[in-house]
Amino acid sequence: MTQDEMKKQAAWAALEFIPHNTIVGVGTGSTVNHFIDALASIKQHIKGAVSSSVQSTAKLEALGIPVFDLNNIDSFSVYIDGADEINPLKHMVKGGGAALTREKIVAAVAERFICIVDSSKQVATLGQFPLPVEVVPMALAYVQRQLNKLGGKAILRKNVITDNGNVILDVHGLQITDPLALEFTINNIVGVVSNGIFAHRAANTVLIGTATGTTIIN
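Residues numbered from 1 in each chain as written. Predicted model: local features only at pLDDT ≥ 70, side-chain atom pairs only at ≥ 80, totals over all residues. Heavy atoms only, no water.

## With respect to the pattern of salt bridges
For step 1, the next point in the chain: Following the criterion strictly, the structure yields six salt bridges and no others.
For step 2, the next point in the chain: We note a salt bridge from Lys59 to Asp37, for which the minimum N-O separation is 3.0 Å. Here Lys59 is found in helix α3 (residues 54-62), whereas its partner Asp37 is found in helix α2 (residues 30-40), with 22 residues between them in sequence.
For step 3, the next point in the chain: Relative accessible area serves as the criterion here: at 24%, Lys59 is assigned to the partly exposed category.
For step 4, the next point in the chain: A salt bridge links Asp118 to Lys121; its shortest N-O distance comes to 2.9 Å. Here Asp118 matches Lys121 in class, with each residue buried. (Salt bridge = Lys/Arg side-chain N within 4 Å of Asp/Glu carboxyl O. Helix = DSSP H or I, 4+ residues; strand = E, 2+ residues; numbered from the N terminus. Buried < 20%, exposed > 50% of the residue type's maximum accessible area, 1.4 Å probe, protein only.)

Here it is, written out as structure tokens:
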């Protein structure tokens, strides 16, 4: 089974966690694209979606799924998104698609966060995938210096502007042994909008697509 097939398997398995007549939070990325395809198959049973990116919004609307403004919703039952890495405590690194800030916002409002990944995304310690940090452009050089002091090497992601009009620094070479503390530290650097560690809002459930089926971790 290919990696993409394992992604698809996990994405379709997430349908079992979608209540009828609800609004579904939808993330961003290649695994989520499979989930949006799956969600379209039950669109008559849901009210619609809240989206974490312009890209996902376009795909949802193209498939006839209504997309709601998060500011008009107090809460919703479930958020489905992928991850670039996930550890055994269900802490994640996200942001390979540059949508980390909006993903974090949508995840914060959701009652339950279900992460869908293929087995290659499982790691013992976060940091093998470069950590994305969304930065206000005028603070780029300052934030880069501060991130480098943390032990990694922050590199500007070229030709990428986020949906919020900001830039992304990818921090290479980190060993993220305390995700909760590092998430807090980086978010408190002036000029940082958000970083890609999802530890304070970890996943509630992880669906892992493997060659032998989907593993569920609660």
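Don't stop here, the text continues.
## Things to note about the packing of α2 against α3
For step 1, the next point in the chain: Running from N to C, α2 and α3 cross one another at 25°; their axes reach a closest spacing of 10 Å. Taken together, the axes of α2 and α3 lie roughly parallel to each other. As for how α2 packs across α3, the hand of that crossing is right-handed. Facing Val32, Asn33, Ile36, Asp37 and Leu39 of α2, the residues of α3 in contact are Gln55, Ser56, Lys59 and Leu60.
For step 2, the next point in the chain: Residues that form the contact of α2 with α3 fall into these classes: four nonpolar, three polar and two charged. (Axes fitted to C-alpha atoms, helices over the stretch in contact; angles between N-to-C directions. Parallel < 35°, antiparallel > 145°, perpendicular 65-115°, else oblique. Left-handed = near helix turned anticlockwise from the far one by under 90°. Contact = heavy atoms within 4.5 Å. Nonpolar A, V, L, I, M, F, W, Y, C, P; charged D, E, K, R; others polar.)

## Notes on unusual backbone geometry
For step 1, the next point in the chain: Phi at Ala98 is positive, roughly 70°, even though this residue is not glycine.
For step 2, the next point in the chain: Despite not being glycine, Asn159 shows a phi value in the positive range, around 60°.
For step 3, the next point in the chain: Tracing the backbone shows Asn159 in the loop between β8 (153-156) and β9 (167-172).
For step 4, the next point in the chain: We classify Asn159 as exposed; its relative accessible area is 85%.

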